[in-house]
Amino acid sequence: MSLRDFLSEMDRKGEVLHVEDELSPRFEISAVIKEFDGGPILYFHRVSGHDMPVVAGVCASRGRICDALKVDMQTLYTRLLEACDRPLKPKVVSDGPAMEVSEQPRLGRLPILMHYEGDAGPYITSAIVSARSPDGEVENVSIHRLQLLDDRHLAIRIVPRHLYQLWLMAKERGKDLDVAISIGLHPAVSIAASAPAPFGVSEYGVANRLLNGELSLVECEEVDARAPAEAELILEARISTSKLVDEGPLVDATGTHDIVRKQPLVEVLRIHRRESPIYQALLPGGREHWLLMGLPKEAAIWRAVRHVAPGVKAVCLTPGGCGWLHAVISLEKQTEGDAKNALLAALAAHPSLKHAVAVDTDIDIYDPNEVEWAIATRFQADRDLIVIRGARGSTLDPSADQETGTTTKLGIDATKPLTKPEQSFKRAEIPRTEKIERIINKLLGLKHR
Ligand code: MN
């Protein structure tokens, strides 16, 4: 299962917008991606100075992610969590489409996008990075932003999570960390790479479970790492454990520039690619970025909340909260206090979560006006507000302490109290007869003409 397979499937559904005008990878392509954010997949056929097309926005809508995993919204979380709990070992093949051409690295030939004014340079933002522990026992696959430095070098941002642990293990042994950097992937692989699998579980196994056993991997030639055999491009590389360079600034999930940090240097040793590869781009701070980061976290929050409040129905990391910092939780309260426990569980389950709102199931959590209405009519700050100071939060939030990563967390219980008559919290309805439905539909039709 490849990016190409998914693109043709989406092309048949009319979900791909083909752009034939020649555009520059410097700001021009990102401007178009931004304009169509959350809309169709964009296929840029002509890129100035490059002979490689660019595809963007592959996972930019919830619907498309469901299509890729062949699930509906209701089963998305369970499917994702099941894949994390029951990973399936992918088969390893000796050759694959990704290995059609093998060459010396010339990263400048890739149409790596310069996204925003003020960014430090062009960035690879859609790549998965896979690495193994020195004893080969643990493999990890995750998505990292990679800043282009020159034809052979990148800077990688590694937050203290799983890849960082492997990097530390290599560093303790005085070695650099071998990695495979893969670009141009089926959505299931990208989603698995950001899945809430614990350390020790290879996200390749998660991807393979999501793909019902259809993922195959190839072993790299010069480094000890594996990559999807059907990727568009594979970069064999080594992350230095001694050489750090300035990384950033780059616009991240919040749409603001992240700070400059000393981060490891990456040396690219070899590039494998298809005969005519497609370069996959992803706009930082866009819907796709939020969904890839956020969906697995929604699933993790859903699972954690379910343990303390079994009535949880859905979780949404909201677009207004950068798909990362704010959650709305829909729940059927069984006892008074359920919502507060749910909020505490949610704030702990996703460390970057800053504000969480719990609402009853009559509220549409994807509609910010409905959520605000619930706060307006069901919330009292003196009894329904939870404030936790100095908790671990997101370093992406410019209002937080970006050096220590601590933040103040807040929970809003906007569910109706069980002790008060339900009627007073109910939104009044206007009865609609068949006749009215018919006339309204006719008027709507007129309006659209
Ligand atoms: Mn992991």
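Note that the structure is predicted; figures quoted are calculated from it, not measured.

## Here's the deal with helix α8 (residues 287-308)
And step 1. Compared with an ideal rise of 1.5 Å per residue, which puts 22 residues at 32 Å, α8 spans 30 Å between its outermost C-alpha atoms and is within 8% of the ideal.
And step 2. The largest bend in α8 amounts to roughly 35 degrees and is located at glycine 294, with the proline proline 296 lying one to four residues further along.

## Notes on the coordination of the manganese ion
And step 1. Coordination of the manganese ion by the protein comes from Asn140 (OD1), His162 (ND1) and Glu203 (OE), over a distance range of 2.0 to 2.2 Å.
And step 2. Each donor residue of the manganese ion belongs to the same chain, and together they define the spacing N-x21-H-x40-E. Within this pair, whereas asparagine 140 is found in strand β8 (residues 139-143), its partner histidine 162 is found in helix α5 (residues 162-172), the two being separated by 22 residues in sequence.
And step 3. When its relative accessible area of 1% is taken as the criterion, asparagine 140 is described as buried.

## With respect to the environment of leucine 76
And step 1. Note that leucine 76 resides in helix α4 (residues 73-85).
And step 2. Sequence spacing of leucine 76 and arginine 62 is 14 residues, and the spatial spacing of their C-alpha atoms is 9.7 Å.
And step 3. In this structure leucine 76 touches Ile65, Cys66, Leu69, Val71 and Leu295, once residues within four positions along its chain are discounted.

## What to know about the pattern of salt bridges
And step 1. Per the counting criterion, the structure on display carries 34 salt bridges.
And step 2. Aspartate 85 is the partner of arginine 303 in a salt bridge, and the nearest nitrogen-oxygen pair spans 3.5 Å. Within this pair, whereas arginine 303 is found in helix α8, its partner aspartate 85 is found in helix α4, the two being separated by 218 residues in sequence.
And step 3. Notably, a salt bridge pairs aspartate 246 with lysine 262, separated by 2.9 Å at the nearest N-O pair. Taken together, the residues span a long stretch of sequence, with aspartate 246 in strand β14 (residues 233-247) and lysine 262 in strand β15 (residues 261-273) at a distance of 16 residues.
And step 4. Under the relative-accessibility criterion, aspartate 246 is labelled partly exposed at 44%.
And step 5. What makes lysine 262 exposed here is its relative accessible area of 52%.
And step 6. Members of the salt-bridge network, linked through shared partners, are Arg145, Glu247, Asp252, Asp258 and Arg261.

## Considering the sheet that holds strand β1 (residues 16-19)
And step 1. Spatial ordering of the open sheet is given by β1-β2-β3-β16, a layout of four strands whose pairing is mixed. Strands with a single pairing partner mark the edges of an open sheet, and in this sheet they are β1 and β16 (279-281). Shown here is a sheet whose adjacent strand axes are inclined to one another by a mean of 20 degrees, direction ignored.
And step 2. Contacting β2 (41-44) and β3 (54-56), helix α2 (residues 28-35) crosses the sheet at an angle of about 155 degrees to β2.

## Considerations on the packing of α8 against helix α9 (residues 338-349)
And step 1. Two elements in contact, α8 and α9, have axes whose closest approach is 8 Å; the angle formed by their N-to-C orientations is 140 degrees. Both α8 and α9 take part in a crossing whose hand is right-handed. Side by side, α8 and α9 meet where Ala300, Ile301, Ala304, Val305 and Val308 of the first sit next to Asp338, Asn341, Ala342, Ala345, Ala346 and Ala349 of the second.

## Remarks on the packing of aromatic side chains
And step 1. This model, assessed by the stated rule, comprises two aromatic pairs.
And step 2. With a centroid separation of 5.9 Å and an interplanar angle of 50 degrees, the aromatic rings of tyrosine 77 and tryptophan 302 are classed as tilted. On the criterion of sequence distance, the pair formed by tyrosine 77 in helix α4 and tryptophan 302 in helix α8 is long-range, its members being 225 residues apart.
And step 3. With a relative accessible area of 5%, tyrosine 77 lands in the buried category.
And step 4. Between the aromatic rings of tyrosine 164 and tryptophan 167, the centroid separation amounts to 5.7 Å while the plane-to-plane angle is 25 degrees, which identifies the pairing as stacked. Placement of the pair is tyrosine 164 and tryptophan 167 together in helix α5, with a separation of three residues, close to one helical turn.
And step 5. You can call tyrosine 164 partly exposed: its relative accessible area is 29%.
And step 6. For the cation-ring pair, arginine 306 lies above tryptophan 302, with the distance from its terminal atom to the ring centre recorded as 4.3 Å.
And step 7. Across the ring face of tryptophan 373, the terminal group of arginine 427 is positioned such that the distance to the ring centre comes to 3.9 Å.

## Quick word on α4
And step 1. In a regular helix each residue adds 1.5 Å, so 13 residues correspond to 18 Å; α4 covers 19 Å between its end C-alpha atoms and thus fits that length.
And step 2. Restricting attention to buried positions, one finds in α4 the residues Leu76, Tyr77, Arg79, Leu80, Leu81, Ala83 and Cys84.
And step 3. Tucked into the core, α4 has its buried residues touching α3 (62-69), α6 (187-193), α7 (203-210), α8 and β17 (312-317).

## Section: a nonpolar patch on the surface
And step 1. On the surface, Ile439, Leu443 and Leu446 cluster together into a nonpolar patch covering about 250 Å² of accessible area.
And step 2. Among the secondary structure elements, leucine 443 is positioned in helix α12 (residues 434-448).
And step 3. Accessibility expressed as a relative area gives 48% for leucine 443, which makes it partly exposed.

What counts, and at which threshold
- Numbering of residues starts from 1 in every chain and runs along the sequence as written.
- Reporting of local features is limited, given that this is a predicted model, to residues whose pLDDT is at least 70; pairs of side-chain atoms are given and counted only at 80 or more, and all residues count toward the totals for whole chains, interfaces and linings.
- Based on all heavy atoms of the structure, the side-chain values leave hydrogens and waters out of the count.
- Numbering of helices and strands runs from the N terminus, with a helix taken as a DSSP run of H or I at least four residues long and a strand as a DSSP run of E at least two residues long.
- Any helix carries an expected span of 1.5 Å times its number of residues minus one.
- One axis fitted to the seven residues ending at a residue, another fitted to the seven starting there: the angle between these axes is the bend at that residue.
- In this description, a donor is an N, O or S atom within 2.8 Å of the metal centre, a cutoff extended to 3.2 Å for sodium, potassium and calcium. Water is not part of the atom list, which can make sites seem incomplete.
- We call a residue buried when its accessible area falls under 20% of the maximum for its residue type, exposed when it is over 50%, and partly exposed in between, using a 1.4 Å probe and counting protein chains only.
- Any two residues having at least one pair of non-hydrogen atoms within 4.5 Å are treated as being in contact.
- Any carboxyl oxygen of Asp or Glu that lies within 4 Å of a side-chain nitrogen of Lys or Arg is treated as forming a salt bridge with it.
- Only strands joined by at least two bridges in the DSSP assignment are considered to pair.
- Lines fitted to C-alpha atoms define the axes here, with helix axes fitted over just the stretch in contact, and angles between the N-to-C directions of these axes take values from 0 to 180 degrees.
- Crossings are classed by handedness, with left-handed meaning an anticlockwise turn of the near helix from the far one by less than a right angle and right-handed meaning a clockwise turn.
- Each aromatic pair joins two rings of Phe, Tyr and Trp (for Trp, the six-membered one) with centres within 6.5 Å, and gets the label stacked for planes under 30 degrees apart, edge-to-face for over 60, and tilted for any other angle.
- Two conditions define a charge located above a ring, namely a distance within 6 Å from the ring centre to NZ of Lys or CZ of Arg, and an angle within 35 degrees of the ring normal.
- Like-charged residues within 9 Å of one another, or nonpolar side chains (Val, Leu, Ile, Met, Phe, Trp, Tyr) within 5 Å, are grouped into patches, provided each residue has over 30% relative accessible area and no salt bridge.
- Exposure was quantified through the Shrake-Rupley algorithm and a 1.4 Å probe, taking into account, for residues, occlusion by the shown protein chains and nothing else.

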